[in-house]
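One letter stands for each residue in the lines below.
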Amino acid sequence: MKGLESLQSWLTDRYPLKALFTGIRRHVSKPVPPHTNILFTLGSLALLLFLLQAIMGLLLMFYYKPTVKGAYASVQFITQSVPFGWLIRQLHVWGANLMMGVVFLHMIKTFLYGGYKAPREVTWMLGVVIFGTILGFGFTGYLLPWDQLAFWATTVGTEAPASLPLIGQISKEFMRGGSEVSEVTLGRFFVTHVALLPIALFVLVTLHLVLVRLQGTSPLSRTDAPEPEPNALLRTGGRPFFPNHLLFEAIIAYLLLGILFTLAILFPFHLGEPANPFETPPGIKPEWYFLPMFQLLKILPEALAVALPLAAGLLV
């Protein structure tokens, strides 16, 4: 006990730990407003799903080979031979779909509650960039199994930007690493998926959470109104973040994990045929979160169909 106290004293003399812990304790004990309902757990659920994605992805990387000859075979090996490999892969695939849906709902909730208004504009813009980064995860990860549907959907997805003036052809060749979808493309998508995007998302989410805690939850009245004092929040029906609201979020997270495992076990995603660049399969389509952009390619000129979602992302 004395040794622990001595270590604490030694650390406190050298680092501002008391100020750090005081700040953490103040934010943890800060009450949440009374209108904080289940919709306000979506951000925490998205963070939980991202952490699960990172864990499942790391486990898959022990066996996955990002080569044309090894990608499909390694996914087969994970599914059929690695103990619980099938479950890990299904949790990763279904986790990606759930994370996309939760983040999308979180953005809708934030917009409807006026969370994009002053003084929270930067928090909103970071959220939009986070959503775009998660779309990047979906786009780069879809190719990695190297089956027919993934190969041809990626071929269509990387061909579309070529219609943009000036940067179109450069963008296409940069994504593919050449004129065609090949092993170079697979390697670039793999590195982007497991290294570049996780680093970017970690930085963005950290900044986003810091701003959320500093500025608090947007009120139902004027979004630029000063946040009430903690005692005033408690008197008007607010509840402490710890342990009351944290326990509420834990219950919702537990239910989400139950849904994730149920989907992974009962409704698995099956691996298609190996990618064949010389045979176009019928019914090529991307994942559901890219379907709106895919449909735009059918009804609008290609350049306009590509530019429209980009312009919408910049405007919001």
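The paragraphs below set out a description of the structure included in this document.

Parameters and conventions
Residues numbered from 1 in each chain as written. Predicted model: local features only at pLDDT ≥ 70, side-chain atom pairs only at ≥ 80, totals over all residues. Heavy atoms only, no water. Axes fitted to C-alpha atoms, helices over the stretch in contact; angles between N-to-C directions. Helix = DSSP H or I, 4+ residues; strand = E, 2+ residues; numbered from the N terminus. Parallel < 35°, antiparallel > 145°, perpendicular 65-115°, else oblique. Contact = heavy atoms within 4.5 Å. Salt bridge = Lys/Arg side-chain N within 4 Å of Asp/Glu carboxyl O. Buried < 20%, exposed > 50% of the residue type's maximum accessible area, 1.4 Å probe, protein only. Phe/Tyr/Trp six-rings, centres within 6.5 Å; stacked < 30°, edge-to-face > 60°. Lys NZ or Arg CZ within 6 Å of the ring centre and 35° of its normal.

### Topic: the packing of helix H6 (residues 121-143) against helix H7 (residues 148-159)
Okay, step 1: Contact geometry of H6 with H7 gives a least axis separation of 8 Å together with a crossing angle of 130°. The orientation of H6 relative to H7 falls into the category oblique. On the side of H6, the interface is formed by Phe139, Tyr142 and Leu143, while H7 contributes Leu149, Ala150, Phe151, Ala153, Thr154, Gly157 and Thr158.

### Regarding the pattern of salt bridges
Okay, step 1: All chains considered together, the criterion is met by 2 salt bridges.
Okay, step 2: Close ionic contact of lysine 172 with glutamate 159 constitutes a salt bridge, the shortest N to O distance being 3.2 Å. Linking lysine 172 in helix H8 (residues 168-176) with glutamate 159 in helix H7, this pair joins segments that are 13 residues apart in sequence.
Okay, step 3: Judged by relative accessible area, which is 10%, lysine 172 ranks as buried.
Okay, step 4: For glutamate 159, a relative accessible area of 32% gives the class partly exposed.
Okay, step 5: Between glutamate 159 and arginine 176 there is a salt bridge whose closest N-O contact spans 3.3 Å. Of this pair, glutamate 159 sits in helix H7 while arginine 176 sits in helix H8, placing them 17 residues apart in sequence.
Okay, step 6: The network of salt bridges with common partners includes Glu159, Lys172 and Arg176.

### A few points about unusual backbone geometry
Okay, step 1: Of note, the amide linkage connecting alanine 118 to proline 119 takes the cis form, showing an omega dihedral of 10°.
Okay, step 2: Position of proline 119 relative to the elements: it lies in the loop between helix H5 (85-112) and H6.
Okay, step 3: With an omega of 5°, the peptide bond between phenylalanine 242 and proline 243 qualifies as cis.
Okay, step 4: Tracing the sequence through the fold places proline 243 in helix H11 (residues 241-266).

### Examining the packing of aromatic side chains
Okay, step 1: Applying the stated rule across the entire model yields 14 aromatic pairs.
Okay, step 2: Judged by centre distance (4.8 Å) and plane angle (15°), the ring pair of phenylalanine 111 and tyrosine 116 falls under stacked.
Okay, step 3: By relative accessible area, phenylalanine 111 is classed as partly exposed at 46%.
Okay, step 4: A centroid spacing of 5.3 Å and a plane angle of 80° characterise the contact between tryptophan 146 and phenylalanine 151, whose relative ring orientation is edge-to-face. The two residues tryptophan 146 and phenylalanine 151 agree in class, both being buried.
Okay, step 5: Taken together, the ring pairs connect Phe139, Phe189, Trp288, Tyr289 and Phe290 into an aromatic cluster.
Okay, step 6: Over the aromatic face of phenylalanine 174 sits the side chain of arginine 188, whose NZ or CZ is 5.5 Å from the ring centroid.
Okay, step 7: Sitting over the ring of phenylalanine 248, arginine 239 keeps its end group 5.4 Å from the ring centre.

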